[in-house]
Amino acid sequence: MIQKKRFRPSWDEYFLEMAKLVAKRSTCLRRQVGAVLVKNKRILATGYNGAPSGLGHCLDIGCLREKLKIPSGERHELCRGLHAEQNALIQASLYGISVKDSVFYLTNQPCIICAKMLINAGIKEIVIADGYPDKMAQDFFKEAKIKVRKFVKSK
């Protein structure tokens, strides 16, 4: 009996699909972002964007940046939420997990604030599903020699 070849996702596709699933937990009203931190093909931590533990979520109490009509990518300090990348890094630190030389799989390119954190955390590569309007972050990654690739699913 001949078996049909079964589809098996690449590692990039596998981890990005997980990041998309993690993003579904986001409580942000503007953009749902998911992050999966991986080292040696093993998941170290995950994160999604939302308010700190125990605080009200924008989903429940509203978004100040929306109310003030602040464009995407601006005035991050007015957001009550943490970014997915920040939450994944914090989760790893809470459990004493080193993220040095790991790969971040993200539904979106990091902003400049997260870019600086990822550089200092020793992340070696970032794989994204989609972009984000932050050229400065791209420039910082290039200067820090951190490879950022946009995943394109092969047919």
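Our subject is the structure listed above.
Residues numbered from 1 in each chain as written. Predicted model: local features only at pLDDT ≥ 70, side-chain atom pairs only at ≥ 80, totals over all residues. Heavy atoms only, no water.

S.K.: Sorry if this is basic, but what is going on with helix H4 (residues 84-94) here?
M.R.: Helical periodicity: at 3.6 residues per turn, an α-helix aligns residues three or four positions apart in one direction. Considered for burial, the residues of H4 that qualify are Ala-84, Glu-85, Gln-86, Ala-88, Leu-89 and Ala-92. Contact partners of the buried residues in H4: strand E1 (34-39), strand E2 (42-48), strand E3 (103-106) and helix H5 (112-121). One or two steps after H4, the chain reaches Gly-96, where phi turns positive at roughly 70 degrees. (Buried < 20%, exposed > 50% of the residue type's maximum accessible area, 1.4 Å probe, protein only. Helix = DSSP H or I, 4+ residues; strand = E, 2+ residues; numbered from the N terminus. Contact = heavy atoms within 4.5 Å.)

S.K.: Which parts of the structure should I look at to understand the environment of His-76?
M.R.: Tracing the chain through its elements places His-76 in the loop between helix H3 (64-67) and H4. A relative accessible area of 15% places His-76 in the buried class. Remark: the alpha-carbon pair of His-76 and Leu-106, spanning 30 residues in sequence, is separated by 19 Å. Setting aside chain neighbours within four positions, we find His-76 in contact with His-83, Cys-111, Ile-113 and Tyr-132.

S.K.: Would you take a moment to explain the packing of aromatic side chains for this structure?
M.R.: Ring pairs (aromatic) are described by centroid distance and by the angle formed between their planes. In total, this model carries 4 aromatic pairs according to the counting rule given. On the basis of an interplanar angle of 20 degrees and a centroid distance of 5.7 Å, the ring pair of Trp-11 and Phe-15 is categorised as stacked. Of this pair, Trp-11 and Phe-15 both sit in helix H1 (residues 11-23), 4 residues apart, which is roughly one turn of that helix. An aromatic cluster is built from Trp-11, Tyr-14, Phe-15 and Tyr-105, whose rings are joined through pairwise contacts. (Phe/Tyr/Trp six-rings, centres within 6.5 Å; stacked < 30°, edge-to-face > 60°.)

S.K.: Help me understand the side chain of Glu-85, please; the structure alone is not making it clear to me.
M.R.: By the secondary structure assignment, Glu-85 is in helix H4. Despite its burial, Glu-85 pairs with no opposite charge, the nearest such side chain being Arg-31 at 9.3 Å. Not counting chain neighbours up to four residues away, the residues in contact with Glu-85 comprise Ala-35, Phe-104, Leu-106, Asn-108, Gln-109, Pro-110, Cys-111, Cys-114 and Leu-118. (Lys, Arg positive; Asp, Glu negative; His and termini not counted. Salt bridge = Lys/Arg side-chain N within 4 Å of Asp/Glu carboxyl O.)

S.K.: How do you make sense of the packing of H4 against H5 when you look at a structure like this?
M.R.: Interaxial distance between H4 and H5 falls to 9 Å at its minimum, and their mutual angle equals 30 degrees. Classed by the angle they form, the pair H4 and H5 counts as roughly parallel. As H4 packs across H5, the resulting crossing turns out to be left-handed. Contacts between H4 and H5 involve Glu-85, Gln-86 and Leu-89 from the first element and Ile-113, Cys-114, Met-117, Leu-118 and Ala-121 from the second. (Axes fitted to C-alpha atoms, helices over the stretch in contact; angles between N-to-C directions. Parallel < 35°, antiparallel > 145°, perpendicular 65-115°, else oblique. Left-handed = near helix turned anticlockwise from the far one by under 90°.)

S.K.: It is not clear to me how the pattern of salt bridges should be interpreted in this structure. Could you clarify?
M.R.: If the charged atoms of two oppositely charged side chains come close together, the side chains can form a pair. Under the counting rule described, the total for this entry stands at 9 salt bridges. Among the ionic pairs, Asp-12 bridges to Arg-149, the shortest N-O distance being 2.7 Å. Within this pair, whereas Asp-12 is found in helix H1, its partner Arg-149 is found in strand E5 (residues 147-150), the two being separated by 137 residues in sequence. Overlapping salt bridges bring together Asp-12, Glu-125 and Arg-149 as one network.

S.K.: How do you make sense of unusual backbone geometry when you look at a structure like this?
M.R.: Working note: non-glycine residues mostly have negative phi, and peptide bonds are mostly trans. Positive phi, normally seen in glycine, also occurs at Lys-41, with a value near 65 degrees. On the secondary structure map, Lys-41 appears in the loop between E1 and E2. For Lys-41, a relative accessible area of 44% gives the class partly exposed. The phi dihedral of Arg-75 is positive, around 55 degrees, even though this residue is not glycine. Within the secondary structure, Arg-75 is located in the loop between H3 and H4. Overall, the relative accessible area of 43% leaves Arg-75 in the partly exposed class.

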